[in-house]
Amino acid sequence: MMYVFNRNGVCLLYKEWNRPLHTLNPQQDHKLMFGLLFSLKSLTAKMDPVNADKGNLGVPQLPGQGCSFHSFRTNTYKLSFMETPSGIKIILVTHPKTGDLREALKYIYSLYVEYVVKNPIYSPGSPIKSELFNTALDQYVRSIS
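None of the values given here were measured: they were computed from a predicted structure. (Residues numbered from 1 in each chain as written. Predicted model: local features only at pLDDT ≥ 70, side-chain atom pairs only at ≥ 80, totals over all residues. Heavy atoms only, no water.)

Quick look at the side chain of Ser130
Then step 1. Along the chain, Ser130 falls in the loop between helix H2 (102–117) and helix H3 (131–144).
Then step 2. A distance of 3.4 Å separates a polar atom in the side chain of Ser130 from the backbone nitrogen of Leu132. (Helix = DSSP H or I, 4+ residues; strand = E, 2+ residues; numbered from the N terminus. Polar contact = N/O pair within 3.5 Å; in protein donor to acceptor, adjacent residues only side chain to side chain.)

Pasting the structure below:
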């Protein structure tokens, strides 16, 4: 699974390649995922052993500010996460034995910039409907799986 959120928590793209069980409706799923990311970012900032200025728990951190996380693993999945300076959040949910996906997330972001951001008819903050992006993304994800 893959999610792309903007800085306001709007899900711009949701893709599935192999999800055998659906437990929530899409809107609940998106809210839950964004809430999880918000909470994990806040928690990692609070636990940062280097930065003395912890701010208030729950207050959004700017991208690159404080301590951050890249992934976590459970017995059934691995969640990999990247946030860009513009606040775009890209999340991949994969098999728990999947390795480090930071380079893959950077490559997916480069596809996003090339096919979505540079598209003159794309309106920022609207759902991503670019066929070129979806095709390139599908090809890339299938090549790394």
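Topic: the pairing of strand E1 (residues 2–5)
Then step 1. Because side chains alternate across E1, one face comprises the buried residues Met2 and Val4, and the other comprises Tyr3 and Phe5, equally buried.
Then step 2. The pairing of E1 with strand E2 (residues 11–15) spans four bridges and is antiparallel. Bridging from a neighbouring strand, Val4 pairs with Leu13 of E2.
Then step 3. Counting the residues in the hairpin turn of E1 and E2 gives five residues, including Gly9, whose phi is positive at 85°.
Then step 4. With four bridges connecting them, E1 and strand E5 (residues 89–94) associate as antiparallel partners. Each residue of the ladder has a partner; that of Val4, found in E5, is Ile90. (Buried < 20%, exposed > 50% of the residue type's maximum accessible area, 1.4 Å probe, protein only. Pairing = 2+ DSSP bridges.)

Observations concerning the packing of H2 against H3
Then step 1. The geometry of H2 relative to H3 is characterised by a closest axis approach of 9 Å and an angle of 165° between their N-to-C directions. Classified by the interaxial angle, the pair formed by H2 and H3 is roughly antiparallel. Crossing of H2 over H3 shows right-handed handedness. Contacts from Ala104, Tyr107, Ile108, Leu111, Tyr112, Tyr115 and Val116 in H2 reach Leu132, Phe133, Ala136, Leu137, Tyr140 and Ile144 in H3.
Then step 2. The class makeup of the residues in the contact of H2 with H3 is 13 nonpolar, no polar and no charged. (Axes fitted to C-alpha atoms, helices over the stretch in contact; angles between N-to-C directions. Parallel < 35°, antiparallel > 145°, perpendicular 65-115°, else oblique. Left-handed = near helix turned anticlockwise from the far one by under 90°. Contact = heavy atoms within 4.5 Å. Nonpolar A, V, L, I, M, F, W, Y, C, P; charged D, E, K, R; others polar.)

Details of the sheet that holds E1
Pairing between the strands of a sheet comes from backbone hydrogen bonds, and it takes one of two forms, parallel or antiparallel.
Then step 1. Spatially, E2-E1-E5-E4-E3 is the arrangement adopted by the five strands of the open sheet, whose pairing is antiparallel. Every interior strand has two partners, whereas the edge strands, E2 and strand E3 (71–73), have only one. Taken over all neighbouring pairs, the strand axes of this sheet differ in orientation by 10° on average, direction set aside.
Then step 2. Bridge count for strand E4 (residues 78–83) against E5 is six bridges, and the pairing is antiparallel. Note on E5: the bridge partner recorded for Leu79 is Val93.
Then step 3. The strands that helix H1 (residues 26–46) touches are E1, E2, E3, E4 and E5; relative to E1, the one it contacts most, it runs at about 70°.

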